[in-house]
Amino acid sequence: MTTPIRLLLADDHPVVRAGLRAVLDAEPDFQVVAEAATAERAVALAATGGFDVVLMDLQFGAGMHGSRATAAITAEAGAPRVLILTTYDSDADILAAVEAGATGYLLKDAPPEELAAAVRTAAGGRSALAPAVAHRLMDRMRTPAQALTKRELEVLQLVGEGLSNLQISKKLFLSQATVKSHLVHIYAKLGVDSRTSAVAAATARRLIRR
């Protein structure tokens, strides 16, 4: 008999977790072992062992972000694979998750068969990307000179949230001069000349989340 793929569901919405469990429990080779309503709880559970794949949301209210949780989980020896399952497909979210060590990135509107296939792919240690996510990554590779770096996306995301240069410098542990330098590069790449225009252009292109 084949050993089941043991799953940990990490999402702060009970209805979402219930829906995922219903879909995944219908697969004969899956076993939903535990659920976590916070990213911190997901990290703690993953550290106990006994999981092959963690299905990780990105946004957990005011708590730890899913990307940070992913980095904490994957940093441990023998860690389970992390498959991001979210509603967000911005470049900022995708790059942060991939850099954190996520094996896959799927959107919550994926059909059940696509989700099941992604879980099996991730369990096997191979990348499992939603078509839209793969397309965005390919676009970045085709035009690297025009693509915003992960740090530029972080800066721009915070600009979009209304933070000043001083606040951004403190949050990202950068000097104000470095923040200004990033903004100059962002403006040039986006073909804009103001913070407002940069946020509008990046939002329209789904580079950052609003």
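Since this is a predicted model, take the numbers as computed values, not measurements. (Residues numbered from 1 in each chain as written. Predicted model: local features only at pLDDT ≥ 70, side-chain atom pairs only at ≥ 80, totals over all residues. Heavy atoms only, no water.)

### Here's the deal with the sheet that holds strand 4 (residues 81-86)
The strand order across the open sheet built from 6 strands is 2-1-3-4-5-6, with neighbouring strands paired in parallel fashion. The open sheet has two edge strands with one neighbour each: strand 2 (30-36) and strand 6 (128-129). Across 4 bridges, strand 3 (residues 53-56) lies against strand 4 in parallel orientation. Of the residues in strand 4, the one forming a bridge with Val 53 is Arg 81. Along the sheet face, helix 2 (residues 39-47) touches strand 1 (5-10), strand 2 and strand 3 and points at about 130 degrees away from the line of strand 2. (Pairing = 2+ DSSP bridges. Helix = DSSP H or I, 4+ residues; strand = E, 2+ residues; numbered from the N terminus. Contact = heavy atoms within 4.5 Å. Axes fitted to C-alpha atoms, helices over the stretch in contact; angles between N-to-C directions.)

### Describing the packing of helix 8 (residues 165-172) against helix 9 (residues 176-190)
Where helix 8 meets helix 9, the closest approach of the two axes is 9 Å, and the angle between their N-to-C directions is 105 degrees. Our classification of the angle between helix 8 and helix 9 gives roughly perpendicular. Residues Asn 165, Leu 166, Ile 168 and Ser 169 of helix 8 form the contact with helix 9, whose participating residues are Gln 176, Val 179, Lys 180 and Leu 183. Split into classes, the residues belonging to the contact of helix 8 with helix 9 amount to 4 nonpolar, 3 polar and 1 charged. (Parallel < 35°, antiparallel > 145°, perpendicular 65-115°, else oblique. Nonpolar A, V, L, I, M, F, W, Y, C, P; charged D, E, K, R; others polar.)

Take it as geometry only, folks, not as evidence of what the structure does.
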